[in-house]
Amino acid sequence: GENVEQHPSTLSVQEGDSAVIKCTYSDSASNYFPWYKQELGKRPQLIIDIRSNVGEKKDQRIAVTLNKTAKHFSLHITETQPEDSAVYFCAASIYGGATNKLIFGTGTLLAVQP
Amino acid sequence: GAVVSQHPSWVICKSGTSVKIECRSLDFQATTMFWYRQFPKQSLMLMATSNEGSKATYEQGVEKDKFLINHASLTLSTLTVTSAHPEDSSFYICSAPLAGEVGELFFGEGSRLTVL
C-alpha cells in the first residue's frame, strides 16, 4: 500500500543551527505535501505545504523542497529556536477511491538545545 | 482558519463498554472528515474516512464493527468505540478539509481514551 517514510526519527540541534527532515513517498500520483508540527498532547498544526507543480516554497525560517522524480521532499528550518522543539510530521496526499486523504510519515522529534 | 472541535478531550472507561467521540466543524461544512489514531510516540494512522450521508470508508485492518462512524450532518461526525478493551487506549483525533481540492486538514483537539 501507499506509505510515507520519514527520517530522522529524532534530531537534536543547537539553537541557531539549521534542521533538515526528509520524507519519501510511494504513490507517484500524490500531489500535495504538507508538514505539520505537533506539540505534546496537542493537535497537529500546519506549518507549510507544497503542491506538485512547485519545487520549493519558503515562509520566513521554514522552507520545503520537492523532488517529484525521486519522490522525496524535505523540510528545512533555519535559525532554530527552542520553541521549534516538537514532533514534525510530513504527509502525502493519496487518492483513496472517492476522496483524497493524507498519509502521514512516522514523525521526527526535534529538540533545539538553548 | 477553519475550526474543528472534538469532544470529549479525555475519557476513561471500563473494559467492555462503548465510548462515543464527537467531531464538529464549527465554521464550515465538512462533507468529509478523517479519523486518525495515534499511539504514544507514534504517527497519525488513518482509521477511516467519514462521508456525510453515506457509509464510512475504513482503512485496511480497521474493524468497522468495532469503530462505528456516523456522519449525519455536514458539521458532525461521531466515532463510537464499541466493547472497548485496554488495547484500544489511544489518542483519537478527527480532521476535516475545506471543500474543494485536496489541501490543509484542520484537526480537532483530539480525545485521549483510556480503557481500564
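Residues numbered from 1 in each chain as written. Chains lettered and ligands numbered in written order. Predicted model: local features only at pLDDT ≥ 70, side-chain atom pairs only at ≥ 80, totals over all residues. Heavy atoms only, no water.

### Considerations on the pairing of strand β9 (residues 90-97) of chain B
Regular strands have side chains that alternate between both faces of the sheet.
Residues and elements named next belong to chain B.
Link 1 in the chain: Burial analysis of β9 places eight of its eight residues in the buried class, which makes it a mostly covered element.
Link 2 in the chain: Here β9 shows no split at all, with S90, Y92, C94 and A96 on one side and F91, I93, S95 and P97 on the other all buried.
Link 3 in the chain: Examined bridge by bridge, β9 and strand β11 (residues 111-115) share three bridges and lie antiparallel to one another. Counted as the bridge partner of F91 is R112 from β11.
Link 4 in the chain: Summarising the sheet, β9 and strand β10 (residues 105-107) pair through three bridges and their orientation is antiparallel. Looking at the pairing, A96 lines up with F106 of β10. (Buried < 20%, exposed > 50% of the residue type's maximum accessible area, 1.4 Å probe, protein only. Helix = DSSP H or I, 4+ residues; strand = E, 2+ residues; numbered from the N terminus. Pairing = 2+ DSSP bridges.)

### Thoughts on the state of the cysteines
Link 1 in the chain: One pass over the structure, following the stated rule, counts two disulfides over all chains.
Link 2 in the chain: The partner cysteine of C23(A) in its disulfide is C90(A), sulfur to sulfur 1.9 Å. On the sign convention where negative is left-handed, the bridge of C23(A) and C90(A), at about -100 degrees about the S-S bond, is left-handed. Separated by 67 residues along the polypeptide, C23(A) in strand β3 (residues 19-25) and C90(A) in strand β9 (residues 86-95) bring together distant segments of the chain. For the pair formed by C23(A) and C90(A), the shared burial category is buried.
Link 3 in the chain: Across the disulfide from C23(B) sits C94(B); the S-S distance is 2.0 Å. Of note, the bridge from C23(B) to C94(B) carries an S-S torsion of about 80 degrees and is right-handed in sense. Taken together, the residues span a long stretch of sequence, with C23(B) in strand β3 (residues 19-25) and C94(B) in strand β9 at a distance of 71 residues.
Link 4 in the chain: Of the residues examined, C23(B) reaches a relative accessible area of 0% and is grouped as buried. (Disulfide = S-S within 2.5 Å.)

### Some details on the sheet that holds β3(A)
Residue and element names in this part refer to chain A.
Link 1 in the chain: Read from one edge of the open sheet, five strands run β1-β3-β8-β7-β6, paired in antiparallel fashion. On the outer flanks of this sheet lie β1 (4-7) and β6 (56-59), each paired with one strand and no other. Here the average twist between neighbouring strands, direction ignored, is 15 degrees. (Axes fitted to C-alpha atoms, helices over the stretch in contact; angles between N-to-C directions.)

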